Amino acid sequence: MALPLGELSPKVTERALQALLNGNSNQGEGCFSLSGGCAASSPKGRAKSRSARKFPYNLFDPGGKTNMNKRKFGPWWLLLFFWAELCFMELVVHAATAPQFWQPELVLLMLYPLVPAVLLFALCRLFPPRANRVLGPVCSGLCYIFFASQLVYYSIFHCFYSAYSMGNGGQVMQFWKVTLHAIRKNWLPLSLMLLPPVGHAVLGKRFSAARLRLPYLPAFAALAVAVHFGLMALLPVFGTQPLSAYDLYHSTNDMKQTTAHLGLMPAFRLDVHRLLFGFEGGEIELATETKAPMEAPTKAPTEPALPDATEPTVLPEPVVDTSPNVLELDFDAVPTEGNDVLSELNAYFSSRTPTNKNEKTGMFKGCNLILITAESFSYLAIDPELTPTLYKLQTEGFNFTNFYTPYWDVSTSDGEYAALTGTIPKPGTWSFRDSAENAMPLTMAQQLKRLGYSAYAYHDHTYTYYDRNLSHPNLGYVYRALGNGLDVEATWPESDIEMIDKTTADYMGSEPFHAYYMTVSGHLEYNFNGNAMAKKNQDLVKDLPYSDSVRAYLACQIELDRALELLLQRLDEAGVAENTVIALTGDHYPYGLTDEEQGELAGHEIDTRFERYRNAFILYKKGMKPERVDSLCCTLDILPTLSNLFGLDFDSRLYMGRDVFSDAEPFVLLRDHSWITENAMYYAPSDELILLQGNELSPEEVEERNQDVSNRFRASAWVLEQDYWRYLFGDNLPPDGEN
């Protein structure tokens, strides 16, 4: 029964008048007319009401009960908001991390967020209105957490965390003080990215929260799929060369470069997909020219003819064996049925040109070996007064003046992996952890144990960090670290001196021996408040003309220097100094220092493309003749070089580096697929070729080099994924276990 307006309460009357003014008297549950009756009570009104229910105002108002004119924003505004929010965050991250902001692919960074925006929009319309209103700001907040955490991680490690690393994030959180410092350093971009989620929280009630009709869900899914495949079809427009958007999407696994070209969200989505389903990344393309046959061995005769007694004796010149360093490997015996990857690996390694033996072959044969990966070590820290032991080792041994330490995705762990295995770490995962159950016959530990050496590995931080407790025993070592047989004081960072002091007795006195050390005293953060090693040696650097961070870094390297001094002392005391080789390299450049701070040490502005990775490789034996080595080399060259110097039987084709003393062409590759030769430097992210000494390089030669780099990355990843050495060596694998 309809009541006249005069008989209604003032509050109800006010609602009725407001409904009339809004022109929605027939859409609410209480319907009023100026005549005092309900318009819906007439046949015409009832038909109109049924029509409104059957054909609602829009698909977000299926019941016809929502007052559309009360909304400040229409239903599609939330989609636009999500798109704008993700575009804004992508641009902030891009501005903070990309080598160059303006690039043609910038349009892709603006288009790719449309796909997750559509999905978030549909998700926030899937539930009842009350839940949808809460879900919208929550989704915005989660997007902020993702982008902000990636930016903070990049600020510390100069790369983005992968899905694999995210699953192991608890270990990284041990460095929470470093994280807080990175947050303070990046307050501006972090604050800017906070604006959209704050705006969503404030304006959330003004967005439509009506539940989406279920029949429309497939339409939104189809829209997201259509946008996705449309963008895929657009990728070749920006080129198909190495490290182009097309190449990164289909062939090359490089999250940092993918983020720079496509954006952080599509890069992370690709990373998750490749982690779950694997990623072969195209094929290995072999050179078309015919490979030169191996040279026949050239050896000195074992029983030279006796000279005529009537003639003066003339000793013949010693003949250097220049035969190739190869093993008798039967690649055809590898079972490849149904596995094209194994077939490609066989073809690749069998086609590579081996390095030859040379005058340095066997120079250290039978010697002990101490191999050290030094945390954040840089040649800039070597000084005759400040770090005299490092200076002594560099100038009285092999002095490698053109050595590079590439920086890989998993910083220290990947730096170790490259030095100890001679292969390139696989992007998107922890290569050492993944290798824990693989056959690893090419390491120095496994090779030397075959000759009767003992093999020990030490680390003065937590023994489970980076899962070294799984990977290092598999390399052939007896592994001891903090919490697993190495009793050092748990400071941060721990003392390298203390590690040396408490470990040398394990192996000295039982020759031949091989010891491996992963140091930690040089670790960031470089200050005198939270870094125990910097504080310990603060007085030794207080008068240096550098900033506090640089002085703190040098104070940490002094701890390494004093540890090496103690090591030399122990070798002398044991009487084995002249029969022990010390090899030392850094895990990565000191990224705890800014480029400006590294420039303080260098005395000039650092070139972040190549010079940033310049370093020293120390190779020393007491009493040896000092020698300067100017040849280009890098971390990947360490293992084949040591194998040759120790006169081991090894196959040089299986390493991604080369024996530095061989006649093979010097070649350095970096994580971003850049490379250096004696003739040119190529910076892959911007496709920039820098010719050296007036040399020329044709586009075909550049393309060939790029393909070679891609092949090495791809082969290294496949070796790890397929456990290829187990197939190749079969029953000839060295035994594992304790010494």
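Structure: above.
Residues numbered from 1 in each chain as written. Predicted model: local features only at pLDDT ≥ 70, side-chain atom pairs only at ≥ 80, totals over all residues. Heavy atoms only, no water.

1. Regarding the overall build of the protein chain
Here is step 1 of the chain: Summing up its helical and strand segments, the protein chain has 28 helices and 16 strands in all.
Here is step 2 of the chain: Residues classed as buried in the protein chain amount to 54% of the 739 residues present.
Here is step 3 of the chain: Relative to all contacts within the protein chain whose residues are 6 or more apart in sequence, the contacts with residues 24 or more apart total 74%.
Here is step 4 of the chain: Surface summary for the protein chain: the accessible area is close to 33,600 Å², and the carbon and sulfur share equals 56%. (Helix = DSSP H or I, 4+ residues; strand = E, 2+ residues; numbered from the N terminus. Buried < 20%, exposed > 50% of the residue type's maximum accessible area, 1.4 Å probe, protein only. Contact = heavy atoms within 4.5 Å. Areas by Shrake-Rupley, 256 points an atom, 1.4 Å probe, with all protein chains shown as cover.)

2. Description of the sheet that holds strand E13 (residues 668–669)
Here is step 1 of the chain: Read from one edge to the other, the open sheet built from four strands follows the order E13-E14-E15-E16, with strand pairing classed as antiparallel. Each edge of the open sheet carries a strand with a single partner, namely E13 and strand E16 (688–691).
Here is step 2 of the chain: Judged from the two bridges that link them, strand E14 (residues 675–676) and strand E15 (residues 680–683) form a sheet pairing that is antiparallel. Within E15, the residue paired with Ile676 across the bridge is Met681. (Pairing = 2+ DSSP bridges.)

3. A short note on a nonpolar patch on the surface
Here is step 1 of the chain: Among the surface-exposed residues, Phe88, Trp187, Leu188, Leu192 and Leu195 lie close enough to one another that they form a single nonpolar patch of about 490 Å² accessible area.
Here is step 2 of the chain: The element contributing the most residues to the nonpolar patch is helix H10 (residues 187–203), with four residues.
Here is step 3 of the chain: Looking at where Phe88 falls in the secondary structure, it is placed in helix H3 (residues 77–97). (Patch = residues over 30% accessible without salt bridge, like charges linked within 9 Å, V, L, I, M, F, W, Y side chains within 5 Å. Salt bridge = Lys/Arg side-chain N within 4 Å of Asp/Glu carboxyl O.)

4. Topic: the pairing of strand E10 (residues 618–621)
Here is step 1 of the chain: Residues Ile618 and Tyr620 of E10 are buried on one face, and the alternating residues Leu619 and Lys621, pointing to the opposite face, are buried as well.
Here is step 2 of the chain: Note that strand E2 (residues 398–400) and E10 share two bridges and pair antiparallel. Following the sheet pairing, Asn399 is matched in E10 by Ile618.
Here is step 3 of the chain: In the sheet, strand E8 (residues 580–586) pairs with E10 via four bridges, with the strands oriented antiparallel. Within E10, the residue paired with Val581 across the bridge is Lys621.

5. With respect to unusual backbone geometry
Here is step 1 of the chain: In the segment running from Glu511 into Pro512, the intervening peptide bond is cis, with an omega of -5°.
Here is step 2 of the chain: Looking at the secondary structure, you find Pro512 in the loop between helix H22 (504–507) and strand E7 (513–518).
Here is step 3 of the chain: Cis geometry marks the peptide bond from Leu524 to Glu525, where omega comes out at 15°.
Here is step 4 of the chain: Among the secondary structure elements, Glu525 is positioned in the loop between E7 and helix H23 (532–536).
Here is step 5 of the chain: Even without glycine at this site, Ser411 takes up a positive phi of about 30°.
Here is step 6 of the chain: Mapped onto the secondary structure, Ser411 falls in helix H17 (residues 411–421).
Here is step 7 of the chain: Here Asp723, not a glycine, exhibits a phi torsion of approximately 55°, which is positive.
Here is step 8 of the chain: Relative to the helices and strands, Asp723 resides in the loop between helix H27 (699–722) and helix H28 (724–729).

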